[in-house]
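Coordinate inspection notes
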Amino acid sequence: MKRRTFIGSMAASAALAASTTATFAAEWPRRPINLVVPYKAGGGTDAYARAISAAAEGILDVPVVVVNKPGSGGLNGANSVVGARPDGYTMMMTSGGSFLLSTMTRDTDIDALESFEVVAQVGQLRTSLMVPKNSPYQSVQDVIDAAKANPGSLRWAHSGRGGFHHVGGLGFLANNGIEAQDVPFKGGGPTRAALIGEQADFGFLGVQQLRGFEEQLRALAVNSADRDTIMSDVPAFGELGVPFAAVSSPVIVFAPKGTPAEVISAMEAALAEIAAKPQFAELLAERGTGPVYASGTDAKAGLAAMKADAAPLVQSLTN
Amino acid sequence: MEIFPALFSVITDPTLLFAIVLAAAVGMIVGATPGLTASAAIAMLLPITFYMPPLFALAFLYVIGKSGRYGGSVAAILFNTPGTAASAATQIDGYPLARAGKAGKAMKVATISSVIGDLMGDIMLVVGVGFIAAIALKLGPPETFAIYFAAFVVIGSVIGKSIVKGLASALLGILVAMVGLDPISSEERYTFGSFDLSNGIGLVPLMIGVFVLGEVFSQLEERKKAKGDIKENESDPTGHTLTYEEYKPCIPHAVRGGFIGAGIGVLPGLGSAIAAFISYGEGKRRAKNSEQWGKGALEGVAAPEAANNAVSGPSMAPLLTLGIPGSTIGAILLGVFLIHGIQVGPTLFLTDKELVYQLFACGMLGILAYGIIGYFGATQVARLILKVPVNVLYPLIFMTAFVASYSARGSMFDVTVMTIAGFVGWLMRKYDFNVAAFVISFVLAKGAEETFRQSLLMSDGGALIFVERPIAAAFLLLGLAAMGFRIRSILKERQVADGGLGDA
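Only a predicted model underlies this, so the values are computations on that prediction, with no experimental measurement involved.

Now for the overall build of chain B. The helix and strand inventory of chain B stands at 22 helices and two strands. Out of the 504 residues belonging to chain B, those deemed buried represent 56%. Within chain B, contacts between residues at least 6 apart in sequence are counted, and of these 79% link residues at least 24 apart.

Right, let's talk about the overall build of chain A for a bit. Along chain A, the regular secondary structure elements total eleven helices and eleven strands. By residue count, 59% of the 319 residues in chain A fall in the buried class. For chain A, restricting intrachain contacts to residue pairs at least 6 apart in sequence, the fraction spanning at least 24 positions comes to 78%.

This next bit is on the nonpolar core. One broad rule of soluble globular proteins: the nonpolar side chains tend to lie buried together. Core analysis: the biggest nonpolar cluster contains 254 residues, and L35 of chain A together with A59, I77 and V439 of chain B have the highest contact counts within it. No fewer than three residues from each of domain 1 (2–124 + 249–318) and domain 2 (126–240) of chain A sit in this core. Excluding residues that lie within four positions of it along the chain, V439 of chain B makes contacts with A88, G173, L206, M207 and V210 of chain B.

All names here are of chain A. The sheet built from six strands is open, its strands ordered β2-β1-β3-β10-β4-β11 with mixed pairing. Two strands lie at the open edges of the sheet, namely β2 (64–68) and β11 (291–295), each paired on one side alone. Averaged over all adjacent pairs, the angle separating strand axes in this sheet is 25°, with direction ignored. Relative to strand β10 (residues 249–256), strand β3 (residues 90–95) runs antiparallel, the two sharing four bridges.

For the rest of this paragraph, the subject is the confidence of the model for chain B. Residues and elements named next belong to chain B. Per-residue pLDDT for chain B averages 80, and the proportion of residues at 70 or more is 87%. Note on residues 228–232: pLDDT under 50 across the span, and three contacts to partners over four residues away in sequence or across chains. Predicted confidence is poor over residues 500–504, with pLDDT under 50, and the contacts of this stretch with residues over four places away or in other chains come to zero contacts. In the model output, the complex is listed with pTM 0.75 alongside ipTM 0.72.

What follows covers the environment of T94 of chain A. Residue and element names in this part refer to chain A. Inspection of the secondary structure assignment puts T94 in strand β3. C-beta crowding within 10 Å serves as the criterion here: with 29 such atoms nearby, T94 is assigned to the buried category. Between the C-alpha atoms of T94 and S249, which are 155 residues apart in sequence, the distance is 9.1 Å. Beyond its immediate chain neighbours, meaning those up to four positions away, T94 contacts P38, T45, G74, A78, F99, I252 and F254.

Residues and elements named next belong to chain A. Taken domain by domain, chain A holds domain 1 (2–124 + 249–318) and domain 2 (126–240). Facing the 27 residues of domain 1 at the interface are 24 residues of domain 2. Sorting the residues of the side of domain 1 that touches domain 2 by element identifies α4 (96–105) and α11 (296–318) as the ones contributing at least two each. Per-element accounting of the side of domain 1 that touches domain 2 gives the leading share, five residues, to α4. When its residues are assigned to classes, the side of domain 1 that touches domain 2 shows seven nonpolar, 17 polar and three charged.

By secondary structure assignment, the location of H340 of chain B is in the loop between α15 (328–339) and α16 (348–351). Beyond its immediate chain neighbours, meaning those up to four positions away, H340 of chain B contacts P54 and A57 of chain B.

Another aspect to go through is the pairing of strand β4 (residues 116–125) of chain A. Residues and elements named next belong to chain A. Among the ten residues that make up β4, ten are buried, leaving the element largely enclosed by the rest of the structure. Across eight bridges, the pairing between β4 and β10 is antiparallel. Directly across from L125, in β10, lies its bridge partner S249. In this structure, β4 lies alongside β11, joined through three bridges in antiparallel fashion. Paired with G123 across the bridge in β11 is P291.

All names here are of chain A. In spatial order, the strands read β7-β6-β8-β5-β9; together these five strands make up an open sheet with mixed pairing. The open sheet has two edge strands with one neighbour each: β7 (181–184) and β9 (217–222). This sheet shows a mean twist of 30° between the axes of neighbouring strands, independent of strand direction. As paired elements, strand β6 (residues 155–158) and strand β8 (residues 202–206) share two bridges and run parallel to each other.

Reading the values: rules and limits
- Residues numbered from 1 in each chain as written.
- Chains lettered and ligands numbered in written order.
- Predicted model: local features only at pLDDT ≥ 70, side-chain atom pairs only at ≥ 80, totals over all residues.
- Helix = DSSP H or I, 4+ residues; strand = E, 2+ residues; numbered from the N terminus.
- Buried ≥ 20, exposed ≤ 12 C-beta atoms within 10 Å, placed from the backbone.
- Contact = placed C-beta atoms within 7 Å.
- Core = buried A, V, L, I, M, F, W, Y, C linked by C-beta atoms within 7 Å.
- Domains from an automatic or database assignment.
- Pairing = 2+ DSSP bridges.
- Axes fitted to C-alpha atoms, helices over the stretch in contact; angles between N-to-C directions.
- pLDDT = per-residue confidence, 0-100.
- Nonpolar A, V, L, I, M, F, W, Y, C, P; charged D, E, K, R; others polar.

Here is the structure:
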């Protein structure tokens with residue numbers, strides 16, 4: 001039933017789009033494209049957006065302007081894009097996992113899969129358990145022991161409730177039977193700074209945030225079964241035998257619903273080209289991440305799978 | 001003292017010098033145009049800089065940021081429109097000066113003060129970049145909250161004739177700031193189910209509405225009441241010249257503003273607007289002629305202008321060493337470093353020391369460039385604008401308010417906010433409520449709330465965290481002391497007033 005109305009509305013909007021915007025779509029892009037990043041500058045998703053903006057030179061004829069609209073686990077920015085004119089000049093690049101989770105945990109009309117067109121995936125972010133360099137905790141086990149010895153005494157930082165760092169952290173706590181108080185900051189950059197400044201005992205933040213800050217922070221584990229391909233020095237929860245929640249985040253470009261199909265496919269092609277550019281990989285390597293390209297269809301399927309996997313987890317974590 | 005060889009290498013490069021002067025001019029124009037912000041201009045110009053060498057690109061954008069901050073004062077003084085959020089405090093005294101035919105004088109004071117503040121900030125940056133970064137790191141949520149608290153008290157208690165109405169205005173500002181999403185739990189508040197309101201009320205449309213549209217409405221009303229020509233915008237023949245004697249009393253305010261701005265700049269996220277308001281508040285509190293402030297005191301232009309520009313330099317320290325951008329411009333500069341393959345972080349001063357100091361040198365030359373252009377150009381601009389008749393100028397300002405509020409985020413909802421804020425601003429003025437206190441508390445409330453609640457999470461709900469941390473405690477004491485002084489001086493004024501009545 002829901003599927004049918006969805007297809008129906010798709011067909012209607014496609015027909016409408018075809019009749020009114022055929023010539024318009026052929027001329028796309030003529031103005032700079034605003035790429036909304038719903039997080040503060042300096043975080044992992046932001047790094048991807050800025051690398052896209054730099055590497056788009058020569059592939060897209062117009063500049064890609066990164067617009068940061070932070071707040072509320074990425075929903076502020078998503079809210080602004082979902083209502084934007086679907087003309088291909090406003091798109092959103094977001095951490096797909098965080099976005100999906102916040103639409104599931106928060107009371108919102110936005111549905112990550114239904115409210116947007118998925119353009120393409122360009123990267124993959126993983127969260128990790130980090131401590132300040134001066135911290136007494138040398139291993140994941142130290143953190144677990146300390147938390148068990150004194151339940152609720154530890155403070156942990158993350159980049160906003162409902163985000164995948166937060167849910168990843170909650171998964172770690174729940175799976176290991178420990179308790180700690182979370183302190184949300186707005187975005188990855190401020191979270192890292194807070195952790196360096198020892199405002200919290202540990203934090204869950206993108207493993208790529210370690211790059212350049214090896215003297216200030218110590219990453220104890222990355223929140224996945226295997227090591228990250230770029231930050232390969234950091235052990236994985238999987239290999240350490242520590243139970244965790246498999247939450248990660250594909251970096252995905254979304255367009256407002258009703259954006260002409262020609263524009264979507266043109267942008268998808270451009271993103272594929274950008275993601276294959278050596279310059280893009282080099283820029284990302286500076287920030288400890290790398291390109292992971294997937295087409296719009298594949299990215300959407302991945303999100304749908306994650307949604308199915310995360311549903312019971314989110315249910316148990318929020319209750 | 002790496003700065004001297006860096007300065008030398010920059011001065012001997014004519015193309016780089018040209019880029020700096022060009023950037024100073026572009027920044028000024030952009031900053032002075034209501035609705036265009038320096039950060040928007042930088043974002044648009046960013047792609048051009050891909051083709052430039054890193055130093056060129058960074059210097060160009062850095063100087064635009066600096067002169068854009070200064071350029072905002074031109075619009076604030078001439079049109080009562082804050083060209084940038086940072087110049088909102090400048091218009092409190094700048095606009096009355098312009099209406100008294102002293103626009104040129106006010107703009108020269110703004111120019112000199114901006115240069116003083118900006119240079120102070122940059123010198124502090126060059127001397128203590130490592131130290132600044134270390135401080136910024138140690139200031140967690142409790143310290144930041146204490147600074148917000150001190151800012152609240154200093155500003156709120158200084159501005160306003162009626163204390164009750166001043167407090168009511170401030171509370172209204174806080175209430176409006178609460179609209180949107182809760183910073184900690186991400187729950188919706190005061191949104192009444194409205195999609196647009198869940199994004200909160202934007203600062204730019206609110207400010208344009210309250211200050212610009214509200215002012216236009218007030219003027220309309222006054223003109224109707226007066227039933228005749230009001231002589232305004234009559235250029236005073238001495239209104240555009242500035243003597244040393246006139247600037248002399250501004251110097252301590254500019255220097256204090258420089259220190260305040262530099263101090264605020266160290267903290268990512270507080271920003272120029274807050275620095276300017278604190279400096280204005282402190283300046284007024286200490287001024288001998290504080291009754292003049294708000295009616296057109298040159299010192300009232302000097303204090304906030306110096307502070308908002310002094311933010312520029314020190315805010316680079318947390319950006320370069322910690323990778324935390326304190327402003328949109330900072331975030332874009334971070335992107336430029338990234339594009340050119342320079343890793344921002346603690347190791348930057350080992351890997352690209354020369355580049356960083358050359359960038360600082362370019363910043364200093366940029367300050368001088370916009371200072372010179374501004375000082376001599378401001379008079380001409382002021383003369384030109386003041387020749388425009390009021391019945392042409394006001395409709396233009398009126399229209400600009402709509403365009404500017406729309407263009408900031410491309411949102412029609414912002415235009416609605418601006419219009420409502422315009423009526424609110426007009427009514428507040430009409431009934432002697434304090435418009436400035438309203439906007440300032442709106443600016444401060446969000447950050448204060450976020451840091452307060454983060455602190456309480458850190459301490460398990462215990463308020464002692466603010467006292468146990470020495471820096472936090474110091475700022476809280478400062479705020480309380482300011483409040484105490486204010487109460488004492490009010491009581492004194494009351495006594496004097498009572499005595500006066502008794503004699504009569």
